[in-house]
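Inside the fold
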Amino acid sequence: MSSDVSPVNSTNAPAESEESLPGAAENGPSGELPEAAYLLGLADDAMVYAQRLSEWMTNAPQIEEDMALGNIALDLLGQARALYPYIGSIDGTGRGEDDYAMLRDERDWRNVHLVEQERGDFADEMARLLWFSAYQVELHTALTGSSDDVVAGVAGKALKEVRYHLDHASLWVVRLGDGTEESHRRMQAALERVLPHLAELFDDDEASVTAAGLGVGVLPSSLHDAVVGRVRRVTDEATLTLPEASSWRSRGGRAGIHSRPMGYLLAEMQHIARSHPGATW
Amino acid sequence: MYGNDVIDPNVPLNAAETAAYDEAAAHVEGRAVGEASAEGFDALIAADQRIEPRDAMPDKYRETLIRQIAQHAHSEIIGMQPEGNWITRAPSLRRKAILIAKVQDEAGHGLYLYSAAETLGVDRAELLDRLHDGKQKYSSIFNYPTLTWADNGAIGWLVDGAAIMNQVPLCRCSYGPYARAMIRVCKEESFHQRQGFEILWTLMRGTEAQRAMAQDAANRWWWPALAMFGPPDTGEAAKGGGHTEQSMAWGIKRFANDDLRQKFVDMMVPQADKLGIVLPDPDLRWNEERGHYDFGDIDWGEFWRVLRGDGPCNAERIEHRRSAHAEGAWVREAATAYAAKQASRRQESAA
Ligand SMILES: [Fe+2]
Ligand SMILES: [Fe+2]
């Protein structure tokens, strides 16, 4: 496998993926400032993944892992909570964290499909965490140089956290890959299953192009090679094979087009808050 | 009636915020840990000194402690479920973060306690098997369901509150590792109790539906919380209780169940008033003569029934634990296999 071959389907061209979604550009969550839309993508990724990871608590293979996954969920939740009120201040709506988390409908969420997928087995979670945390390490490393001080500050704090998440995922991928026959098989299968959901992380949509142009954000496609490099080092050590390509890839998360599990995730997360309009908790 | 509508952080809300905790925590620093004492077990107990893992101790003392610490550890682990059930539905992000942190703390408490039990010569895997096989118990309080968001408030306020009342005296337990674990655990439990109180406080100052939710949760959790102190020490209901006297003599137990229950009631009634919650007991009233609150009879029939397995969630709690454990078996096996490979690789490279 040559190192410049992407294991994720790199159809990064924004025009192509947007065109396949009729109306997404006009009717999606854009219409907001591109900078706000870009940051909302980052916040929603963290929020939705925190929600998924928190499902592991009481369900993990050992008690230490109930704690560790809870910890990672808490870090990601903290990243989302740091961004939402700031987004509310720059998009002119003045919305707070719970307005974003509890009162938006599915079409207004800008997270990638990767984070909304249902919890699979432990290998699935470690495959997702490995990719997502490797992506976040590169993302936040780049964002510490953001021209926006708030964004740079959030990234600086997040970077320490996501390095730990990456270490944690790496440790498990190596253990599972180089553990028993069964764990190797399951870990390899998980790497295949997560594959279609990776390309979205590296799509340059309109919001990210604008945010990167302003120096606030970073072009997602620019993170691709370094992320793949980080993941490949781990899978190599784990005696696993990084899959080459998949026959399909997810699209549209950043434009508010989500996969089936997203609606259920929101229904569960928002139900109590929405049943008591205007209440404080 | 209560002029200031705020929670005063300086007013103790639970036993870990009282002088009793400070005294117990100060008391535990006894002799150096790690080497066996030259004095015998009885002399150490008589001198109110801590017993440490290397000290000689009667088999019965060891068994009693293993049973009690394991049961306590299991309670922390099973106790993650009722509130864990609400993490994905917490109505605000702040509440979600607090709840995740709380459930995480309970997992941590379980781990300290399993470690304390391991100093007595058992291992965690074996203790977990006994929990999963129903051979060891956990606190029966966790066999009740969490039906609404307000249950998270009621659990923190009442269940963590009662647990702290039980555990503060254990900070002075004669067995050193258990006492030290309790000192750490009680501090964290104190936060748990406060956040529970705060959930209810907010609900009681919210909408009508929120107030009804809080009152309903208090109605359901009050009596099971009182039962957490165990059966009465005397009288008909005391039968089947068991180990109190010996545990007292060994310095494992310091107060009678009824005394702790009374202290708890005395502490909670004014807090309920402050919250605006009516406790579901028509016999609850201040007794000037005794200087305590009188309260009604606990339904010990229900207590024993739930303890024997016939409660609303007994089967569900154990099944949840068993299946998480079974589904994770291949992961734990992989970790063991990998560690073994690494060890032999190190050996090879050293050879
Ligand atoms: Fe606890
Ligand atoms: Fe607690």
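All of these numbers come straight from a predicted model, not from anything done at the bench.

Bringing the coordination of the iron ion (ligand 1) into the picture now. Residue and element names in this part refer to chain B. Within the protein, the atoms that donate to the iron ion (ligand 1) are Glu76 (OE), Glu106 (OE), His109 (ND1) and Glu189 (OE), at distances of 1.9 to 2.2 Å. Each of the 4 donor atoms bound to the iron ion (ligand 1) contributes to angles spanning 89 to 140°, and the resulting shape is irregular. Counting residues between consecutive donors of the iron ion (ligand 1) along the chain gives the motif E-x29-E-x2-H-x79-E. Between the iron ion (ligand 1) and the iron ion (ligand 2), a spacing of 3.4 Å is present, and a bridge between the two is formed by Glu106. Highlighted residues: Glu76 in helix H3 (residues 59–78) and His109 in helix H5 (residues 93–118), separated in sequence by 33 residues. Overall, the relative accessible area of 6% leaves Glu76 in the buried class.

Turning to the environment of B:Gly110, a few remarks are in order. Mapping B:Gly110 onto the fold places it in helix H5. Leave out the neighbours within four places in its chain, and B:Gly110 touches B:Ala73, B:Glu76 and B:Ile77.

If you walk through the whole model with that rule in mind, you get 37 salt bridges over all chains. The salt bridge partner of A:Arg128 is A:Glu125, with a shortest N-O separation of 2.9 Å. Of this pair, A:Arg128 and A:Glu125 are both found in helix H7 (residues 122–143), 3 residues apart, which corresponds to roughly one turn of the helix. The burial state of A:Arg128 is the same as that of A:Glu125; both residues are buried. B:Arg50 is the partner of B:Asp48 in a salt bridge, and the nearest nitrogen-oxygen pair spans 3.6 Å.

Moving on, we come to the side chain of B:Thr148. Residue and element names in this part refer to chain B. With respect to the secondary-structure elements, Thr148 resides in the loop between helix H6 (124–132) and helix H7 (150–167). A relative accessible area of 19% means that Thr148 is categorised as buried. If sequence neighbours within four positions are ignored, Thr148 has contacts with Trp86, Met213 and Arg220.

This part takes up the packing of aromatic side chains. Considering all chains together, one arrives at 16 aromatic pairs over all chains under this definition. On the numbers, 5.9 Å between centres and 40° between planes, the contact of A:Phe132 with A:Tyr135 is tilted. Taken together, the residues span about one helical turn, with A:Phe132 and A:Tyr135 both in helix H7 at a distance of 3 residues. Considering the side-chain rings of B:Trp286 and B:Tyr293, the 4.9 Å spacing of their centres and the 70° angle between planes classify their relative orientation as edge-to-face. The class of B:Trp286 is partly exposed, set by a relative accessible area of 43%. Through successive ring pairs, a cluster of aromatic residues spans A:Tyr49, A:Phe132, A:Tyr135 and A:Phe202. Over the aromatic face of A:Trp109 sits the side chain of A:Arg104, whose NZ or CZ is 4.1 Å from the ring centroid. The cationic tip of B:Lys263 hangs over the ring face of B:Phe255; the distance from NZ or CZ to the ring centre is 4.4 Å.

All names here are of chain B. Protein-derived ligands of the iron ion (ligand 2) are Glu106 (OE), Asp160 (OD), Glu189 (OE) and His192 (ND1), with the metal-ligand distances lying across 1.9 to 2.2 Å. Of note is the iron ion (ligand 2), whose 4 donor atoms meet at the metal with angles of 85 to 153° in an arrangement that counts as irregular. In primary-sequence terms, the residues that donate to the iron ion (ligand 2) follow E-x53-D-x28-E-x2-H.

The next point concerns the layout of surface pockets. Residues and elements named next belong to chain B. The space that makes up the second largest pocket amounts to roughly 320 Å³. The set of elements that each furnish at least two residues to the lining of the second largest pocket consists of helix H4 (80–84) and helix H13 (314–327). Element by element, the count of residues in the lining of the second largest pocket is highest for H13, at 3 residues. Classifying every residue of the lining of the second largest pocket by side-chain character gives 4 nonpolar, 9 polar and 5 charged.

Two quantities define a packed helix pair, namely the angle between the axes and the distance from one axis to the other. Residue and element names in this part refer to chain A. Their axes nearest at 7 Å, the elements H7 and helix H8 (residues 149–177) cross at an angle of 150°. Considering only the axes of H7 and H8, their crossing is left-handed. Here the residues of the contact of H7 with H8 sort into 19 nonpolar, 6 polar and 1 charged.

Right, let's get into the environment of A:Pro243. Along the chain, the position of A:Pro243 falls in the loop between helix H11 (224–237) and helix H12 (261–275). A:Pro243 sits 54 residues away from A:Ala189 along the chain, and the two C-alpha atoms are 9.7 Å apart.

Once that is clear, we can look at the interface of chain B and chain A. With 45 residues of chain B at the interface, the matching set in chain A holds 47 residues. The junction of chain B with chain A conceals about 4000 Å² of combined surface from both sides, 68% of it contributed by carbon and sulfur atoms. For the pair chain B and chain A, the number of links is 3 salt bridges. Across the salt bridge formed by A:Asp178 and B:Lys341, the nearest N and O atoms sit 3.1 Å from each other. The tally of links between chain B and chain A comes to 15 residue pairs in polar contact (both at pLDDT 80 or more). Mapped onto the side of chain B that touches chain A, the elements with two or more residues apiece are H4, H5, helix H8 (176–204), helix H9 (208–227), H13 and helix H14 (329–350) of chain B. The greatest single-element share of the side of chain B that touches chain A, amounting to 13 residues, is contributed by H5(B). Tallied by class, residues from the side of chain B that touches chain A come to 25 nonpolar, 10 polar and 10 charged.

Looking now at the packing of H7(B) against helix H11 (residues 257–275) of chain B. Residues and elements named next belong to chain B. Remark: H7 packs on H11, axes separated minimally by 10 Å, with the N-to-C direction vectors making an angle of 145°. Considering the relative orientation of H7 and H11, their crossing is right-handed. For the pair H7 and H11, contact is made by Trp157, Leu158, Gly161, Ala162, Met165 and Asn166 and by Leu260, Lys263, Phe264, Met267, Met268, Gln271, Ala272 and Leu275, respectively. Across the contact of H7 with H11, the residue classes tally to 10 nonpolar, 3 polar and 1 charged.

This part covers the domain arrangement of chain B. Residues and elements named next belong to chain B. Taken domain by domain, chain B comprises domain 1 (15–311) and domain 2 (312–350). Once you take the C-alpha centre of each, domain 1 and domain 2 turn out to be 29 Å apart. With 17 residues of domain 1 at the interface, the matching set in domain 2 holds 10 residues. For the domain 1 and domain 2 pair, buried surface summed over both sides reaches about 1200 Å², with 56% attributable to carbon and sulfur atoms.

Attention now moves to H12(A). With 15 residues, H12(A) should reach 21 Å at 1.5 Å per residue; the first-to-last C-alpha distance of 21 Å fits that figure. Listed in full, the buried residues belonging to H12(A) are A:Pro261, A:Met262, A:Leu265, A:Leu266, A:Met269, A:Gln270, A:Ile272 and A:Ala273. Considering only its buried residues, H12(A) is in contact with helix H3 (34–54), helix H5 (97–103) and helix H6 (113–116) of chain A together with H5 of chain B.

Cut-offs and rules
- Residues numbered from 1 in each chain as written.
- Chains lettered and ligands numbered in written order.
- Predicted model: local features only at pLDDT ≥ 70, side-chain atom pairs only at ≥ 80, totals over all residues.
- Heavy atoms only, no water.
- Donors = N, O, S within 2.8 Å, 3.2 Å for Na, K, Ca; no water.
- Tetrahedral: all angles 85-135°; square planar, octahedral: opposite > 155°, others 65-115°.
- Helix = DSSP H or I, 4+ residues; strand = E, 2+ residues; numbered from the N terminus.
- Buried < 20%, exposed > 50% of the residue type's maximum accessible area, 1.4 Å probe, protein only.
- Contact = heavy atoms within 4.5 Å.
- Salt bridge = Lys/Arg side-chain N within 4 Å of Asp/Glu carboxyl O.
- Phe/Tyr/Trp six-rings, centres within 6.5 Å; stacked < 30°, edge-to-face > 60°.
- Lys NZ or Arg CZ within 6 Å of the ring centre and 35° of its normal.
- 1 Å grid on protein atoms, 1.4 Å probe; cavity = no way out; pocket = protein on both sides within 12 Å on 5 of 7 lines; lining within 4 Å.
- Points joined across faces, edges and corners; volume = space filled by probe spheres on them.
- Nonpolar A, V, L, I, M, F, W, Y, C, P; charged D, E, K, R; others polar.
- Axes fitted to C-alpha atoms, helices over the stretch in contact; angles between N-to-C directions.
- Left-handed = near helix turned anticlockwise from the far one by under 90°.
- Buried area = accessible area lost by both parts, 1.4 Å probe.
- Polar contact = N/O pair within 3.5 Å; in protein donor to acceptor, adjacent residues only side chain to side chain.
- Domains from an automatic or database assignment.
- Expected span 1.5 Å × (residues − 1).

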